[in-house]
Amino acid sequence: MSDRQSYTTTAANLNVYVQGQGFPILALHGHPGSGRSLSVFTNHLSKRYKTFAPDLRGYGKSRWNGKFDMNDHLTDLEALLDRFEIEKCLVLGWSLGGILAMELALRLPKRITGLILVATAAKPRGSHPPISWQDNLYTGVAALLNYIKPSWQWNIETFGKRSLFRYLIQQHTSTSYNYIATEAVPAYLQTSPAATRALYSAIQAGYNRLVDLPQIQCPSLVLAGVQDRHITVDSSLETARHLNNCQWQCYPNTAHLFPWEIPQLVLSDIDHWLEEHPQVIAQGDEVTR
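Residues numbered from 1 in each chain as written. Predicted model: local features only at pLDDT ≥ 70, side-chain atom pairs only at ≥ 80, totals over all residues. Heavy atoms only, no water.

**Remarks on the overall build of the protein**
No. 1: Within the protein, the regular secondary structure consists of 11 helices and 7 strands.
No. 2: A globule of 289 residues ought to have a C-alpha radius of gyration of about 19 Å, and the protein, at 18 Å, matches this closely.
No. 3: Along the three orthogonal principal directions, the C-alpha set of the protein runs to about 55 × 40 × 35 Å.
No. 4: Within the protein, the proportion of its 289 residues that are buried is 54%.
No. 5: For the protein, the accessible area works out to roughly 12,700 Å², and carbon and sulfur atoms hold 52% of it.
No. 6: Averaged over its 25 positive side-chain charges, the protein has a centre that lies 6 Å from the centre of its 24 negative ones. (Helix = DSSP H or I, 4+ residues; strand = E, 2+ residues; numbered from the N terminus. Rg over C-alpha atoms; globule rule 2.2 N^0.38 Å. Buried < 20%, exposed > 50% of the residue type's maximum accessible area, 1.4 Å probe, protein only. Areas by Shrake-Rupley, 256 points an atom, 1.4 Å probe, with all protein chains shown as cover. Lys, Arg positive; Asp, Glu negative; His and termini not counted. Charge placed at Lys NZ, Arg CZ, Asp CG, Glu CD.)

See the structure below:
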């Protein structure tokens, strides 16, 4: 994203879900995703803080006609901070959202007080096996049945565990399948081809910001699942090691969607980190006007 080749110059007026009161937390979703797919975080954090969860350009209700690149997301997010008069905020990002969170901290160092980086990396690498037609078939059936009847155990055992869900989660529980039904499937259906192209173009270009991470001075928390095949735990750990003032947490028997597998443990660890780093949520003149 450092080599700008943008198709557009105008910031998109992003659809954003706002909850709670207090210090602002900007929550950024992954691909495919939407602001609503971060409810596992925002429903909890909004009890004490004011959360802003936008649909990124080309996702959810933030429709966009025409091509764009990854840098345009940063233009949109800076405009969002200005629109809501957010002087400083903490940023939580999941997967692609974590990459954008790091980019924002590099671009707006005086406005970003801290980072919570979930299943992400500054040099993302995957270990996903080749996808067969059976994988796609089982995934389609599992997703459809789960959407109609969330967490149906027969569907989980018959199709879910044989589908591509097995690379996204390790714990095939009713909790994780409920999140997949209510948040993952709708987000997938609302993700535009242009958003997919923008992401894949950045990956194919060999996205790597490791060398720039020491510039980020704010505290950060990096969370990862051991069995993540989309962004490997090793690439997340590599990112954590390049960040200053960073805390690392890794969860066994979980994968890329680990916040939906073990939500209470993840939220508890985030709460504990926030208690240990009160400067990232400092009240006073630094909050939203």
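**Topic: helix α2 (residues 70-83)**
No. 1: With 14 residues, α2 should reach 20 Å at 1.5 Å per residue; the first-to-last C-alpha distance of 20 Å fits that figure.
No. 2: Those residues of α2 lying buried are M70, N71, D72, H73, L74, T75, D76, L77, L80 and L81.
No. 3: Where α2 begins, the capping side chain belongs to D69, and its oxygen is found 3.0 Å from the backbone nitrogen of N71.
No. 4: E85 sits one or two residues past α2 and shows a positive phi near 55°. (Expected span 1.5 Å × (residues − 1). Polar contact = N/O pair within 3.5 Å; in protein donor to acceptor, adjacent residues only side chain to side chain.)

**A word on unusual backbone geometry**
No. 1: A cis amide bond, omega -15°, links H31 with the succeeding residue P32.
No. 2: Assignment of secondary structure puts P32 in the loop between β2 (24-28) and α1 (39-45).
No. 3: Although it is not a glycine, E85 adopts a positive phi angle of roughly 55°.
No. 4: Among the structural elements, E85 can be located in the loop between α2 and β4 (89-94).

**So, the sheet that holds strand β1 (residues 16-19)**
Strands in a sheet are paired, the pairing made by backbone hydrogen bonds, and the direction either parallel or antiparallel.
No. 1: Strand order in the open sheet made by the 7 strands is β1-β3-β2-β4-β5-β6-β7, with mixed pairing throughout. The outermost strands of the open sheet, each flanked by one partner alone, are β1 and β7 (246-251). Averaged over neighbouring strand pairs, the angle between their axes works out to 15° when direction is ignored.
No. 2: In this structure, strand β6 (residues 220-225) lies alongside β7, joined through 6 bridges in parallel fashion. Residue pairing across strands places S220 opposite C246, the latter belonging to β7.
No. 3: The strands touched by α2 are β1, β2, β3 (50-54) and β4; relative to β2, the strand with the most contacts, the crossing angle is about 155°. (Pairing = 2+ DSSP bridges. Axes fitted to C-alpha atoms, helices over the stretch in contact; angles between N-to-C directions. Contact = heavy atoms within 4.5 Å.)

**Describing helix α8 (residues 193-204)**
No. 1: In this model, α8 (12 residues) spans 16 Å end to end at C-alpha, consistent with the 16 Å of a helix rising 1.5 Å per residue.
No. 2: Among all positions of α8, only A194, A195, A198, L199 and A202 are buried. With its buried residues spanning 135° around the axis, α8 presents them on a single face. Of the exposed residues in α8, the ones pointing more than 90 degrees away from its buried face are P193, I203 and Q204.
No. 3: Residues of α8 that are buried sit in contact with α2 and α3 (96-107).
No. 4: Looking one or two places after α8, you find G206, whose phi comes out positive at around 80°. (Arc of directions from axis to C-beta.)

**Some remarks on the packing of aromatic side chains**
No. 1: Overall, the coordinates contain 9 aromatic pairs when judged by the stated rule.
No. 2: Ring centres 5.8 Å apart and planes at 75° place the aromatic pair F165 and Y177 in the edge-to-face group. In this pair, F165 is assigned in helix α6 (residues 165-168) and Y177 in helix α7 (residues 174-189), connecting sequence segments 12 residues apart.
No. 3: Positioned above the aromatic ring of F68 is the side chain of R57, whose terminal nitrogen or guanidinium carbon lies 5.6 Å from the ring centre. (Phe/Tyr/Trp six-rings, centres within 6.5 Å; stacked < 30°, edge-to-face > 60°. Lys NZ or Arg CZ within 6 Å of the ring centre and 35° of its normal.)

**Side note on the pattern of salt bridges**
Once the charged atoms of two side chains with opposite charge are near each other, the side chains can pair.
No. 1: Scanning the model with the defined rule gives 9 salt bridges in all.
No. 2: Residue R57 pairs with D76 through a salt bridge whose shortest N-O separation is 2.6 Å. Of the two residues, R57 is situated in the loop between β3 and α2 and D76 in helix α2; the sequence distance between them amounts to 19 residues.
No. 3: You can call R57 buried: its relative accessible area is 0%.
No. 4: Between D135 and R166 there is a salt bridge, with the nearest N and O atoms lying 3.0 Å from each other. Of the two residues, D135 sits in helix α4 (residues 133-148) while R166 sits in helix α6, which places them 31 residues apart along the sequence.
No. 5: Taken together, the shared-partner salt bridges connect E103, R209 and D212 into one network. (Salt bridge = Lys/Arg side-chain N within 4 Å of Asp/Glu carboxyl O.)

**Focus on the confidence of the model for the protein**
No. 1: Overall, the predicted model of the protein reaches an average pLDDT of 92, with 94% of residues at or above 70.
No. 2: Here residues 285-289 is modelled with pLDDT under 50, and outside its nearest four sequence neighbours on either side it reaches 12 contacts, counting other chains as well. (pLDDT = per-residue confidence, 0-100.)

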